[in-house]
Amino acid sequence: MSHSTVPRTDTEAEVKKNPPRGHGGDTAAARKPPAGKLSLRLRFRRDRVLLLMTLPAVLLLLVFNYVPILGNVVAFQEYDPYLSDNGVVSILHSPWVGLENFQRIFADSAFWNAVQNTLVLFVLQLLLYFPVPILLALLINSVVRPRVRAVAQAVLYLPHFFSWVLVVAVFQQLLGGAGLLSQLLRQHGYDGLDIMTDPETFKFLITAQSVWKDAGWGIIVFLAALASVSPDLYEAAAMDGANRWRRMWHVTLPALRPVVALLLVLRVGDALTVGFEQILLQRGAVGPGAAEVLDTFVWWNGVRNQDFGYAAAAGLVKGVISLGLVLAANKVAHLMGEQGVYKR
């Protein structure tokens, strides 16, 4: 062995064994991005046009959705908007009360009644409203003739464009005390029926109105998911001897599963928002005991009673619970093998 091949000191041996590292403790090879993955600077240069196109939407989102979140500070104040013409000045000069508004909320029986009504309405709409667009989409998708399919889809989608005032008026003409159903019963010797003012059936009435108005929107979403299913899958299933129901169970429903999981997560996150305008229009007919939900509770205390801090505290509690529901539902979607709102 030659003298030149033997390290002269232990230090040289250590250097050869562990070569010098660059700044930050990484070698030059380690600093290079993995194969097939661009650096952040290169991705920014590649997508700069798309980023500039989305910039106005991001700014609108910040101004109208995120900046107002700062106003939740009034939940910890006895906020008085009439202290100044400037809302920011009014916030700065309103006295602080700490958690007093939240203590009032949790001790208020009207708040817990609103929570109960909200949860009952959510469960009813989840069980009765959510499956309806799926079933109707499967029914329309099974229609062979395109013209009949287009007409059926248009008819079902039309009520989505109606305002809630018109929807309530239509149901009043059908199910009210002087409505078509009540008149029909009186003509046949029965007592009249006024479903619109019955607190016991109010929750089912709200669900029926939501199904009639918004089921068409859900149909479009599920039909779009069904359109992405390859016809080869149906042909292969038919060649294997699967009948119509088997093809729907093993091909159609699995294709809808990711969309159903996503919409279910969003629906759970929207659980505490069950139709403010719809319920407010009918609140006086059945009373707050049956019709008060969290949104109308916040509106009534904040706008009508001018107790802005108390209403803001109730809205903040609702927002925190809704966020928790979204995260929990999205976790369940991940456990089921679906993507949900965002990836793991």
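Caption draft 1: Molecular detail of the nonpolar core. Ranked by internal contacts, the top residues of the largest apolar core, which has 22 residues, are Leu121, Phe171, Met196, Phe202, Leu205, Val274 and Ile279. Among the secondary structure elements, those contributing two or more residues to this core are helix H7 (109–129), helix H10 (164–175), helix H12 (202–227), helix H14 (244–269), helix H15 (276–286), helix H16 (288–291) and helix H18 (308–335). The leading source of residues in this core is H10, at 5 residues. The contact partners of Val274, leaving out residues within four places of it in the chain, are Thr118, Leu121, Phe122, Gln125, Ile279, Val293 and Asp295.

Caption draft 2: Quick peek at the packing of H7 against H12. Where H7 meets H12, the axes come as close as 10 Å, and the angle between the chain directions of the two elements is 45°. One element, H7, and the other, H12, form an angle in the oblique class. Relative to H12, H7 is oriented so that their crossing is right-handed. Contacts between H7 and H12 involve Asn117, Val120, Leu121, Leu124, Gln125, Leu128 and Tyr129 from the first element and Lys203, Phe204, Ile206, Thr207, Ser210, Val211, Asp214 and Ala215 from the second. When the residues that make up the contact of H7 with H12 are grouped by side-chain class, the tally is 9 nonpolar, 4 polar and 2 charged.

Caption draft 3: Highlighting the confidence of the model for the chain. Summarising the model, the chain shows a mean pLDDT of 82, and 88% of its residues fall at 70 or more. Mean pLDDT values over the elements of the chain span from 48, in helix H1 (residues 10–17), up to 92, in helix H4 (residues 48–66). The low-confidence segment residues 1–17 (pLDDT under 50) makes 3 contacts with residues lying over four places distant or belonging to another chain.

Caption draft 4: Spotlight on helix H17 (residues 294–304). Buried within H17 we find Leu294, Asp295, Thr296, Phe297, Asn301 and Gly302. Against H7, H15, H16 and H18 lie the buried residues of H17. Phi turns positive, to about 60°, at Gln306, one or two residues after H17.

Cut-offs and rules
Residues numbered from 1 in each chain as written. Predicted model: local features only at pLDDT ≥ 70, side-chain atom pairs only at ≥ 80, totals over all residues. Heavy atoms only, no water. Core = buried A, V, L, I, M, F, W, Y, C linked by side-chain atoms within 4.5 Å. Buried < 20%, exposed > 50% of the residue type's maximum accessible area, 1.4 Å probe, protein only. Helix = DSSP H or I, 4+ residues; strand = E, 2+ residues; numbered from the N terminus. Contact = heavy atoms within 4.5 Å. Axes fitted to C-alpha atoms, helices over the stretch in contact; angles between N-to-C directions. Parallel < 35°, antiparallel > 145°, perpendicular 65-115°, else oblique. Left-handed = near helix turned anticlockwise from the far one by under 90°. Nonpolar A, V, L, I, M, F, W, Y, C, P; charged D, E, K, R; others polar. pLDDT = per-residue confidence, 0-100.

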